[in-house]
Structures are given as structure tokens and as C-alpha cells.
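Report on the structure
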Amino acid sequence: MKIKNPTYDIIALSSSLICAIHCAAVPIVLSFSSLASLHFLHHPLIEWSFIAIGVVFVFVSLWPSYKKAHHKLKPLLIAGCGFGLIALGRLDLNELWEVANTVTGALMVSVAHYVNWKLLRATGNHTNCKS
């Protein structure tokens with residue numbers, strides 16, 4: 001069965017990378033006194049929005065690809081570990097703990113979408129969406 005929307009993996013991979021960059025850069029940016037007004041970037045609503053978008057893309061992209069196309073658990077396991085690290089980062093033990101776990105988790109979610117995209121291409125179930 002052909003997966004008709006491979007762009008979900010590209011969008012999900014991009015949003016996960018943006019999340020990782022956001023999580024790594026915000027503490028550095030906020031440490032500069034002249035940029036302290038950008039504290040809104042560290043708002044929990046923004047952080048939870050990125051997490052929610054990531055979960056949505058797992059259900060929109062990784063799960064259907066697993067069920068209908070390649071039947072490989074690898075992308076789902078990588079994404080699950082990534083979200084597990086993001087959850088560990090939410091424990092707020094200290095800033096380094098949060099940043100390290102969240103960035104690593106977001107990168108793992110990106111890798112999961114990349115692996116899924118490669119598996120779809122290898123199985124021939126990846127079609128280009130051309131309008």
C-alpha cells in the first residue's frame with residue numbers, strides 16, 4: 001500500500017530539529033543580559049506545543065507507515081525513547097539536565113522520522129506528492 005503523504009516525515013523531522021535548536025539555544029540566548037526580554041521563548045506553553053506537535057506527527061506519520069508499509073518497529077522505538085528523554089527533561093532537576101535530555105530526545109524524534117522516511121523509500125511505498 002502506498003503512503004500518499006511522505007511530506008509528514010519531512011515536516012516532522014523539521015519540527016523536531018527546530019525543537020532541539022530551540023531547547024539548546026534558549027538558555028544560551030537568555031544568559032545574555034541584553035536579550036533577557038526574550039524570556040517568553042522559555043515559556044512552558046511553547047515547550048508543550050512543540051511536544052504536542054511531535055506526538056501528533058508520530059500518530060500521523062510513523063504509526064501509519066508501520067501498520068501499512070514497512071512493519072518495522074525501529075522508528076517507533078526511537079521516537080518512544082526520544083519522548084522518554086523529553087519527559088525526563090521535564091523533571092526540572094537542573095537546567096543542564098533539562099537541556100541535555102530535551103535536546104537529545106528531540107534529535108531522536110528527528111532521527112525516527114528520518115529512519116521512517118528511509119524505510120518507506122527502501123520498500124517502494126514512498127510516493128512523491130505532486131499537485
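Here's what I pulled together on the structure shown here. (Residues numbered from 1 in each chain as written. Predicted model: local features only at pLDDT ≥ 70, side-chain atom pairs only at ≥ 80, totals over all residues. Heavy atoms only, no water.)

**Here's the deal with the packing of helix H3 (residues 74–89) against helix H4 (residues 95–123)**
In plain terms, the rule: All axes are obtained by fitting lines to C-alpha atoms, using only the stretch in contact for helices, and the reported angles, taken between N-to-C directions, cover 0 to 180 degrees. Here a strand is any run of E in DSSP of at least two residues, a helix any run of H or I of at least four, and the numbering for each starts at the N terminus. An angle counts as roughly parallel when it lies under 35 degrees, as roughly antiparallel when it exceeds 145, as roughly perpendicular when it falls between 65 and 115, and as oblique in every other case. Note: crossing handedness is left-handed where the near helix turns anticlockwise from the far helix by less than a right angle, and right-handed where it turns clockwise. Side-chain classes follow a simple rule in which Ala, Val, Leu, Ile, Met, Phe, Trp, Tyr, Cys and Pro form the nonpolar group, Asp, Glu, Lys and Arg form the charged group, and the remainder, Gly included, forms the polar group.
For the pair H3 and H4, interaxial distance at closest approach is 7 Å and the crossing angle is 165°. If you check the angle between H3 and H4, you find them roughly antiparallel. By crossing handedness, the relation of H3 to H4 is classed as left-handed. A per-class count over the contact of H3 with H4 returns 16 nonpolar, 7 polar and 2 charged.

**Observations concerning the packing of aromatic side chains**
Here is the rule: Aromatic pairs are defined between Phe, Tyr and Trp rings, using the six-membered ring for Trp, whenever the two ring centres lie within 6.5 Å; interplanar angles under 30 degrees are classed as stacked, those over 60 as edge-to-face, and all others as tilted. Per-residue accessibility, obtained with a 1.4 Å probe over protein chains only, is compared with the maximum for each type, and a residue is labelled buried under 20%, exposed over 50%, and partly exposed between these values.
On inspection of all chains with the given rule, the structure shows 2 aromatic pairs. For the ring pair Trp63 and Tyr66, a centre distance of 5.5 Å and an interplane angle of 40° mean the geometry is tilted. Separated by 3 residues within a single helix, Trp63 and Tyr66 lie in helix H2 (residues 44–70), roughly one turn from each other. For Trp63, a relative accessible area of 40% corresponds to the partly exposed category. The interplanar angle of 40° and the centroid separation of 6.0 Å between the aromatic rings of Tyr114 and Trp117 together place this pair among those described as tilted. Here Tyr114 pairs with Trp117, and both are found in helix H4, just 3 residues apart, close to one helical turn.

Read these as spatial facts, not as claims about activity.
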